[in-house]
Amino acid sequence: MHRNFVNLIIQAGVVGAVAFISWTLFQNTQANLEARNIASGFAFMSVEGGLPINDTLLPYEPADTYGYAFFMGVLNTLFVSFLGIIAATVIGVLIGCARVSSNWLVSRLAAVYVEILRNVPLLLTLFFTYVVVLASLPHPRSSLAPFAGVFINNRGIYLPDPNVHAGFWYVLATTILIVSILFILSRISKQRRDETGRGLPTTRIGIVLLLILPLLAWLLPGPIVDFEFAVLKGFNFRGGLVLRPEFSALMIGLVLYTAAFIAENVRSGIQSVDTGQVEAAKALGAKPSLTMRKVILPQALRVSIPATTNDYTSLVKNSSLAVAIGYPDMVSVGGTIIGQNDQAIEIIGLWMAVYLTINLVVSAVMNWLNARVQVVER
Amino acid sequence: MSHESPSPGKTIERNTSRGGTIVELSNVDKWFGSFHVLKKINLTVQRGERIVICGPSGSGKSTLVRCINGLEEYQRGTITVDGTPLTSDPREIERVRQNVGMVFQSFNLFPHMSVLHNLTFAPIWIRKMPKREAEELAMHFLTRVRIADQASKFPGQLSGGQQQRVAIARTLCMNPEILLFDEPTSALDPEMIKEVLDVMVELAREEITMLCVTHEMGFARTVADRIIFMDGGEIVEENDPESFFTRPVYDRTQEFLKQII
Amino acid sequence: MQISDTARVFTPLPSEPAPLGTVGPVGWLRSNMFDGWFNSVLSVLCILFLALVIPPLLSWLILDATWYGDAETCKAGSGACWTFIGHKIQVFLVGPYPTSEIWRPAAAAALLVVLVLTTVLRLARTSTLVVLWLLYPCIAFFLINGGWFLNEVDQSRWGGLMLSIGLALVGILVSIPLGILLALGRRSRVIAIKSLCVGIIEPVRGVPLITILFMASVMLPLFLPEHMQINNMLRVQIGIILFSSAYMAEVVRGGLQAVPNGQVEAATAIGLNYWRMNYLIIVPQALRNVLPSLIGRCIALFKDTSLVIIVGLLDFLGSAKAAAQDSNWLGYDAEAYIFCALIYWIICFGMSRYGRSIELRGAHRD
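Residues numbered from 1 in each chain as written. Chains lettered and ligands numbered in written order. Predicted model: local features only at pLDDT ≥ 70, side-chain atom pairs only at ≥ 80, totals over all residues.

(A) Local environment of the overall build of chain A. For chain A, the helix and strand inventory stands at 12 helices and seven strands. The C-alpha radius of gyration of chain A comes to 27 Å, more than 25% above the 21 Å expected for a compact globule of 378 residues. Once the C-alpha set of chain A is aligned to its principal axes, its extents read approximately 80 × 80 × 45 Å. For chain A, buried positions account for 33% of its 378 residues. The long-range share in chain A, meaning contacts at least 24 apart out of those at least 6 apart in sequence, stands at 67%. (Helix = DSSP H or I, 4+ residues; strand = E, 2+ residues; numbered from the N terminus. Rg over C-alpha atoms; globule rule 2.2 N^0.38 Å. Buried ≥ 20, exposed ≤ 12 C-beta atoms within 10 Å, placed from the backbone. Contact = placed C-beta atoms within 7 Å.)

Written out as structure tokens, the structure reads:
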């Protein structure tokens, strides 16, 4: 009884204190905003912005509103995060496996990579990539051309710009159909294996089916995809798909940095599997690939997935460093807007809302994955 | 140290219908780095024989047994298992391992798989057995080691003795002709040793060839056809149990026996 | 059983040396780099890669580099220009701090080195170390800021490595106690307190540091009354403290969860109240559980201070960037960033090694 009463008092006290502080802050803010002639509310979102953004996923003109400009920034943040997570995972897993390789040279090189990238601030890596590496690329007139239609110079990476025609949709539909067939086939194969011990040769069937696609592409009248190549006109390239240095630097820095952390997670996951189990699998006659698939990976993932969730959300948050090298992500564009109309509270509120939502989604997906690989303990 | 064996005194009689050498080690030398751990090992094991290997720690007994299924490499000499010479060819080694079962000191069950799944893992993925058949096989052996009611549990939910019995059943599912035991009871609490030894004694009645590294001398006296004493990386003495325990030949053997009996 | 007189003496075989090709350098190469065809191919590729990359890197970094002279000497040379670093070293280390008072940050740095050595070499008890570390920022602040008999140096002239370390150090020392309070509050049974703590921790952890820095730099002045404005550096420091506290809170929460319930029961049985119980028994154990993670957070915080350039402070990285834009020394961005990276690396790698040694020491104790 006594404890409940004390609890109640404490609760009331805390609520009261928070309410009082909030009210004071609110009053101060009102006063300050008025004194500095700063508007409130989101009306500015429908005002024409005049912000020049040259790297957007959707068509954009400076005549578009602040709201649309901010939306471009949000799309860029999502785009960079999505690509970054995929690329960092692929590279991180490779380097993590290299770290635990029995090859001394490979494992040491991977260790050097990880230790350097983890102990240097990401912003520094970004600056270095942007200012030193990308700036030292040649002038457009003497671009590097590693593949046909690909040009690399200090204005960016120029790729052929795909233009889709009608045939593309047929090919896409066929691809989806084939993937679904393969999915169903793998289910059937599993059932067959349960009953007879031998599954279907799904991989081989898959390869044959996928060969249909180029055949289809050849049969269809007209081109499926048309490439607009970048052409050197004067001092610059025109046309084509451009990956600007800001985007490239951000992607390279983010991916290499996050991959180092993911590599460490992969390494600790694999090393957490007791060698005795690998020996038991060997003693039963299992090939190394079977041991990896059925014994090591399921247990390694248990350890790696929670840690990697953190790294994914970090990557999303780190994409905000775009503001330091001029890539127009959400923070970049928002910062510019603040610079123009001082409506910091609204913009910062929007930032927080978007980042928290992205983090919630990523965490939810990873938690679902994590739950699926849990082990029953005593 | 030693525990009550199920049928004290008598060696178990068995039927060895097929004779012939099943494992042969000839002048085998092994080094760990520059440490000479196995010295000129010569050993011939007949089909159906039950051999116990004993000796002080560090004598190389585990290493010897682990060489027989290729878990350890050797640098000199030859090892032949059921007609197949053990070289560094991975496919040969895998084929040998499918016919040689191993029970480890630390059980080494797969913690992320149920007991049943632990047993069906190898038959399904290595022998390509249909799932239903593999599960029937697994239940058969689980019943034999008297643990059928735990089939859907996970290793983390079982006691040490139960886990080791599951491990034994797991090796039996691959129908091996040779069973290797590497100190199977050394990691068990005393009250669980008997249940595992009982299972091993029952196994000894079959036609299966057994090589067992153990300190359980009661078990050795009951079950073994031959006892091999190792020290310092070499085989010092081998004899039938009766002669080994009552008339050891070498001083080393006598010293060892004094310590354990 | 006696050793009977008829027992034969056993003569053990001598140990032979391992066959050639299995030991020594050749053996090592065979088992570590050329173990099977896949590994051999990998090793060859790696060696090729190293052969392509290392010699030009070495010659640029060291062999052809200019170590003495001035801007002219550098332009004439083909390698790295390390004289640039030498000329600009003051900017790198203390930013625009007045040269006449340079002995003051130097003294603060020397004290820091002594303190670090004392901690790493364990020359004092933990309680003494805690007191020393809490005292140090006050002394360092007095030395660098001035007041009393020292000239005052305005905070707008603080920069360089000194600023980075200062922001990080104060951030760590304040955010750890705050984090502990937040973690304890999160575990509280009083719903209002628990919600308040969760309401602080989760949003702060879910957003990038940049947004917090923007909040601190741009929004905080709006929250405070006109007469109570604080300078930018202090606002940024507050932002860093807030950000770090949320992460420290989560780390400490993990440590608290690992403290066995029996400890709380025992402490209550002795008659300790909530605060004494936590202060004396629970929190020290929690901290010891997660010391390596705490050090990891400290390393992360030190790296994160590099972001203050975005809100207008010239820390170590910011000073490096600014130094590289001096019109007399153009084109030496690479040298500036490499030097910057080297110092960051030494400090961060040193801290992570220290963390690992603590982890190992803790494991031995178990």
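(B) Expanded view of the overall build of chain C. Secondary structure assignment for chain C yields 15 helices and zero strands. Taken over the C-alpha trace, chain C has a radius of gyration of 28 Å; the compact-globule value for 366 residues is 21 Å, which it surpasses by more than 25%. For the C-alpha atoms alone, the extent of chain C along its principal axes is close to 105 × 80 × 40 Å. Looking at the 366 residues of chain C, the share that counts as buried comes to 33%. When contacts within chain C are restricted to residue pairs at least 6 apart in sequence, long-range pairs at least 24 apart make up 65% of them.

(C) Structural context of the sheet that holds strand β1 (residues 21-32) of chain B. Residues and elements named next belong to chain B. Pairing within the open sheet is antiparallel, and its four strands lie in the order β2-β1-β4-β5. Only two strands of the sheet have a single neighbouring strand rather than two, namely β2 (35-46) and β5 (84-85). Direction of pairing for β1 relative to β2: antiparallel, over a ladder of eight bridges. Bridge pairing in β2 links Glu24 to Thr44. (Pairing = 2+ DSSP bridges.)

(D) Geometry of the interface of chain C and chain A. Listed as interface residues are 42 residues of chain C and, on the opposing side, 43 residues of chain A. Among the elements of the structure, α2 (37-63), α8 (191-206), α9 (209-223), α14 (316-323) and α15 (333-365) of chain C are those that each provide at least two residues to the side of chain C that touches chain A. Looking at the side of chain C that touches chain A element by element, the count peaks at 10 residues for α15(C). Looking at the side of chain C that touches chain A residue by residue, the class counts come to 31 nonpolar, seven polar and four charged. (Nonpolar A, V, L, I, M, F, W, Y, C, P; charged D, E, K, R; others polar.)

(E) Examining the packing of helix α9 (residues 288-318) of chain A against helix α12 (residues 344-372) of chain A more closely. All names here are of chain A. Between α9 and α12, the shortest axis-to-axis distance is 10 Å and the interhelical angle comes to 160°. In terms of orientation, α9 and α12 fall into the roughly antiparallel class. For the element pair α9 and α12, the recorded crossing hand is right-handed. Where α9 approaches α12, its residues Ile305, Pro306, Thr309, Tyr312, Thr313, Val316 and Lys317 are matched on the opposing element by Tyr355, Ile358, Asn359, Val362, Ser363, Met366, Leu369 and Asn370. Broken down by class, the residue content of the contact of α9 with α12 amounts to nine nonpolar, five polar and one charged. (Axes fitted to C-alpha atoms, helices over the stretch in contact; angles between N-to-C directions. Parallel < 35°, antiparallel > 145°, perpendicular 65-115°, else oblique. Left-handed = near helix turned anticlockwise from the far one by under 90°.)

(F) Looking closely at the sheet that holds strand β3 (residues 50-54) of chain B. All names here are of chain B. Pairing within the open sheet is mixed, and its six strands lie in the order β6-β7-β8-β3-β9-β10. Looking at the sheet topology across the chains shown, the edges are occupied by β6 (100-103) and β10 (234-239). If you compare each strand with its neighbour and ignore which way they point, the axes differ by 20° on average. Pairing of β3 with strand β8 (residues 209-213), which is carried by four bridges, proceeds in the parallel orientation. The residue bridging Arg50 from the neighbouring strand is Met210, located in β8. Sitting on the sheet, helix α5 (residues 160-172) touches β6 and β7 (178-182), and the angle it makes with β6 is about 170°.

(G) Looking closely at the confidence of the model for chain C. In the predicted model, chain C carries a mean pLDDT of 89, and the fraction of residues at 70 or more is 98%. Listed scores for the predicted complex are pTM 0.85 and ipTM 0.89. (pLDDT = per-residue confidence, 0-100.)

(H) Structural context of the domain arrangement of chain A. What the domain assignment reports for chain A is domain 1 (2-37), domain 2 (46-123 + 244-372) and domain 3 (170-219). Here the C-alpha centroids of domain 2 of chain A and domain 3 of chain A sit 32 Å apart. (Domains from an automatic or database assignment.)

(I) Spatial organisation of the domain arrangement of chain C. All names here are of chain C. According to the domain assignment, chain C contains domain 1 (30-75) and domain 2 (81-97 + 153-365). Using only C-alpha atoms to locate each centre, domain 1 and domain 2 end up separated by 36 Å. Listed per partner, the contact involves nine residues of domain 1 and six residues of domain 2.

(J) Broad picture of the environment of A:Val106. Tracing the backbone through its elements, the reader meets A:Val106 in helix α3 (residues 104-118). Looking at A:Val106, the number of C-beta atoms within 10 Å reads 21, which means it is buried.

(K) Broad picture of the interface of chain C and chain B. With 15 residues of chain C in contact, the opposing surface of chain B contributes 18 residues. Considered class by class, the residues forming the side of chain C that touches chain B number 11 nonpolar, two polar and two charged.

(L) How the structure looks around the packing of helix α2 (residues 66-99) of chain A against α9(A). Residues and elements named next belong to chain A. One way to put it is that α2 packs onto α9 with a least axis distance of 9 Å and a crossing angle of 140°. Considering their axes alone, α2 and α9 lie oblique with respect to each other. The handedness of the crossing between α2 and α9 is right-handed. Contacts between α2 and α9 involve Ser81, Gly84, Ile85 and Ala88 from the former and Tyr312, Leu315 and Val316 from the latter. Taken together, the residues of the contact of α2 with α9 sort by class into five nonpolar, two polar and no charged.

(M) Spatial organisation of the nonpolar core. Counting 148 residues, the largest nonpolar core has A:Leu124, A:Leu126, A:Leu250, C:Leu213 and C:Cys340 as its most contacted members. A total of 15 residues in this core trace back to one element, the largest contributor, which is helix α7 (residues 245-272) of chain A. Core analysis: the next-biggest nonpolar cluster, separate from the first, contains 81 residues, B:Ile41, B:Leu64, B:Ile147 and B:Cys173 among them. (Core = buried A, V, L, I, M, F, W, Y, C linked by C-beta atoms within 7 Å.)

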